[in-house]
Amino acid sequence: MLRMMSHFLGKEVLRAGLIRYMKRHQYGSVMQDDLWTALTEVAHENGVLDPKTSVKAIMDPWISQTGYPVLDVKKNSDGLITVSQRMFEPERKSSDEAAKNESSLWPIPITYTTGELADFSNTKPQKWLTGRGSLAIPDLKAEDGQWIVFNLQVAALYRVNYYEENWELLRKALETEESKKKIHPLNRKQIFEDALAFGWSRDLDYKFVFSLCACLRDEADYLPLSGAYSSLRRIDLILRRTPNYGYFKSYMRKLTNPIISRSGSLVDAPVEAQAIKKQNLMADIASRYSIGNYVKQSLDLFSKWYNNENPDSINPIPKNILRQISCTAVKNGGDEEWDFLWERYLNSDSASEKSSILSALTCSRKVWTLKRYLDWSIDEFSRIPPQDSVHIFEAVAENEVGFEVAKDFFEERIPDIFTYHGADNAIMGRYIQVVADQMTSIKEYNEIKALTEKFDEYFKVSKPAVERALDTIDSNVKWHAAHYVKIPQYLAPSLRTL
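Note that the structure is a prediction, hence the values are computed from the model and not measured. (Residues numbered from 1 in each chain as written. Predicted model: local features only at pLDDT ≥ 70, side-chain atom pairs only at ≥ 80, totals over all residues. Heavy atoms only, no water.)

A. Seen up close, the pattern of salt bridges. The tally for this structure, following the rule as stated, stands at 35 salt bridges. In this structure, the salt-bridge partner of Asp203 is Arg86, at a minimum N-O distance of 3.7 Å. On the criterion of sequence distance, the pair formed by Asp203 in the loop between α8 (185–200) and α9 (206–213) and Arg86 in strand β2 (residues 80–87) is long-range, its members being 117 residues apart. Residue Asp203 is classed as partly exposed on the basis of its relative accessible area of 34%. (Salt bridge = Lys/Arg side-chain N within 4 Å of Asp/Glu carboxyl O. Helix = DSSP H or I, 4+ residues; strand = E, 2+ residues; numbered from the N terminus. Buried < 20%, exposed > 50% of the residue type's maximum accessible area, 1.4 Å probe, protein only.)

Have a look at this one:
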């Protein structure tokens, strides 16, 4: 929200407004409206806000309402662009629920550019959309072959759904290096994220969505890659225990193999923050899908560490990818690798190293090892901190052979988990959400509902989280019913061309 205000007010006005607010109320109590008043005064003095408009009128709907809007962009037969808003709904609602959500409105700052101008620098609102109806933008004409992008640099918290022709123009623009670079990385990120969200909500055909994501093959910037991968990961999770996961895994391997190949050696040590994040992301993807020569590089590096006479003080593995390389070693190794890492964990005094090792130990493909590790995660004598227990549980559940292990552990040890974390701790909700993320059937929904009712005393503090978990399963069930059997059909065109 602060970022959105900094864009429509400007950084200097926002700073001056905050200073006025703090000086005016430095020794007194305050209310939210006191901040809005100070910001409005400075905005009016500097002419950046209409005199009839206040910061309160803009910000209150964003803060007080649940959810966030979608900006629907349409083009009429004359090429005139109009925009309208609605609440984003991940899945289709009943008529009563839809009617309720129609009452939600937001003051939306409208910014836009075209393929011809490609000016993403001006993030001050060119218009405001405040009502339910359509807003015409007469100065924006959709010329033939020219894409349009709204919400420049993602200055406000809303998704953008374009008319079909513009989605296709954006896809073509993202296919080539020259045209892709004309679109700001933040907006490339939003294009991928929005398309995947609209695929889930059935506003876009998944066949098109996956063909759009195929453009990531030649992407070099961290932001678009991270946004798309994060969104694709949800599909990965709900397909993982199904026969059609093979199609999706093949798609992901073909899509990301050239990106990984361009990423260089694992021993390279990037300096810039974005480069470090990108190397970390590439290692994540390569580890999950066993891409390129990543496995060989990882095993070679791990072997050097393993065979070192003093592994607690000399480690050739870059710190930022220690987790991924160790995970690959554990996944492809045996008890020796696991025990070696556990010993390094016990001997380490580095919090980040210990965290990386704890995560890597969940990558074993041996069920008995994972079961033992989960038992240790709630054993007060194991030297695993309580705050890391749920992270271990989540990582085991995301292991390709670990979901049933994690689910059984949770169902059988609910009282023990509750006791270990303390009676007033709402962490039980995090455990149940981890399990819910991969559930896709009515049977599983009913199992979790019955389980939480049976152990109601352990979930009293976590009631909201239980409801969210059940909503997640319900959403997954609906997605599975609408899309699962079509996955081969959705992916076939991209698998042929990637």
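The structure having been displayed, the exposition proceeds.
B. Main features of the state of the cysteines. Counted under the stated rule, the structure contains one disulfide. Across the disulfide, Cys327 is cross-linked to Cys363 (sulfur-sulfur distance 2.0 Å). Taking the sign of the torsion about the S-S bond as the criterion, the disulfide between Cys327 and Cys363, at about -105°, is left-handed. One end of the pair, Cys327, is in helix α14 (residues 322–332); the other, Cys363, is in the loop between α16 (351–360) and α17 (367–377), and 36 residues separate them in sequence. Taken as a pair, Cys327 and Cys363 share a single burial class, namely buried. This cysteine, Cys213, is not joined by any disulfide, and Cys215 carries the nearest cysteine sulfur, 8.4 Å off. Looking at Cys213, the relative accessible area reads 0%, which means it is buried. (Disulfide = S-S within 2.5 Å.)

C. Quick look at the side chain of Asp194. Position of Asp194 among the secondary structure elements: in helix α8. Its relative accessible area of 2% is what places Asp194 among the buried residues. If we ignore the near neighbours within four places in the chain, the residues touching Asp194 are Arg159, Val160 and Trp167. (Contact = heavy atoms within 4.5 Å.)

D. Summary view of the sheet that holds strand β6 (residues 135–141). Taken in spatial order, the four strands make up an open sheet running β6-β2-β1-β8, and their pairing is mixed. If you trace the sheet from one side to the other, it starts and ends with β6 and β8 (159–161), each paired once. The mean angle between the axes of side-by-side strands here comes to 30°, regardless of whether they run parallel or antiparallel. Here strand β1 (residues 69–75) runs beside β2; their pairing, made up of seven bridges, is antiparallel. Residue Lys75 lies in a different strand from β2, and its bridge partner there is Ile81. (Pairing = 2+ DSSP bridges. Axes fitted to C-alpha atoms, helices over the stretch in contact; angles between N-to-C directions.)

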